[in-house]
Amino acid sequence: SLSNTDYTGWHSKGFVSVLRSLEYLHRTARVLHCDIRPANILASKLNEFCIVDFGYAVHLEETTEHDTYVRSNYVGTPKYSPQEHLERGLGNGPYVYSPATDLESFVKTVYMCMLSNQARHKITFLARGDSAADIPKVKSWWDDIFKNDPFASAMIKCARSRDYQGLVNVLQNHLAKFLHAFDAV
């Protein structure tokens with residue numbers, strides 16, 4: 001899974017591949033995954049990617065208004081959950097799931113993959129058990145990221161508006177700059 005991957009020298013093709021898979025799930029198969037996170041994305045040595053663990057997934061009916069699904073109970077992984085779910089806290093449903101919530105979890109996954117091990121450790125420490133007590137700290141951490149990091153801000157704006165191509169563009173532009181800076185070191 002991506003949670004056990006070294007991202008040094010990685011490029012945007014992998015993330016774009018996962019994003020295109022999500023786009024297919026949402027627009028064609030009409031499926032919401034509801035738990036996008038590094039552990040649910042498998043990567044092969046050949047840079048082939050696969051979204052796995054559809055245990056929380058839901059199929060949207062053709063008549064579903066606005067492509068949303070409402071659950072009374074929380075599902076997912078708090079560190080990667082949409083901010084609106086973190087605002088509610090665990091056990092304070094209902095929770096609305098949509099392509100935008102999957103995309104926000106994808107943005108958080110990408111961002112976590114780009115962080116250094118030290119920064120990843122910080123957010124892991126903030127949400128050790130993913131308990132209800134950890135949620136305000138995790139939400140605050142992500143709020144700061146989305147406010148202060150232009151890359152994260154651009155990605156989250158695209159995710160919330162369900163702009164798949166915009167996300168592709170942000171990923172490709174940012175990761176090209178990131179890898180160029182990495183190569184220069």
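Data block above holds the structure.
Here is a short report on the structure shown in this document. Since this is a predicted model, take the numbers as computed values, not measurements. (Residues numbered from 1 in each chain as written. Predicted model: local features only at pLDDT ≥ 70, side-chain atom pairs only at ≥ 80, totals over all residues. Heavy atoms only, no water.)

Let us now look at unusual backbone geometry. Each neighbour pair has its own omega, and for Gly 93 with Pro 94 the value is 10°, a cis peptide bond. Positioned with a positive phi, Arg 30 is a non-glycine residue whose angle comes to about 55°. For Arg 30, the location among the structural elements is in the loop between helix 1 (12-27) and strand 1 (31-32). (Helix = DSSP H or I, 4+ residues; strand = E, 2+ residues; numbered from the N terminus.)

To continue, consider the packing of helix 3 (residues 99-114) against helix 5 (residues 135-148). The geometry of helix 3 relative to helix 5 is characterised by a closest axis approach of 13 Å and an angle of 80° between their N-to-C directions. By the angle between their axes, helix 3 is roughly perpendicular relative to helix 5. Seen from helix 3, the contacting residues are Glu 104, Val 107, Lys 108, Tyr 111 and Met 112; seen from helix 5, they are Trp 141, Trp 142, Ile 145 and Phe 146. In terms of residue class, the contact of helix 3 with helix 5 is made up of seven nonpolar, no polar and two charged. (Axes fitted to C-alpha atoms, helices over the stretch in contact; angles between N-to-C directions. Parallel < 35°, antiparallel > 145°, perpendicular 65-115°, else oblique. Contact = heavy atoms within 4.5 Å. Nonpolar A, V, L, I, M, F, W, Y, C, P; charged D, E, K, R; others polar.)

Let's shift gears to the pattern of salt bridges. Tallying each qualifying case throughout the model produces seven salt bridges. As a salt-bridge pair, Arg 20 and Glu 23 come within 2.7 Å of each other at their nearest N and O atoms. Taken together, the positions of Arg 20 and Glu 23, both in helix 1 and three residues apart, correspond to about one turn of that helix. Judged by its relative accessible area of 31%, Arg 20 falls in the partly exposed class. Classification of Glu 23 as buried rests on a relative accessible area of 16%. Between Glu 23 and Arg 27 there is a salt bridge, and its shortest N-O distance comes to 2.7 Å. In this pair, Glu 23 and Arg 27 are both assigned in helix 1, four residues apart and thus about one turn of the helix distant. (Salt bridge = Lys/Arg side-chain N within 4 Å of Asp/Glu carboxyl O. Buried < 20%, exposed > 50% of the residue type's maximum accessible area, 1.4 Å probe, protein only.)

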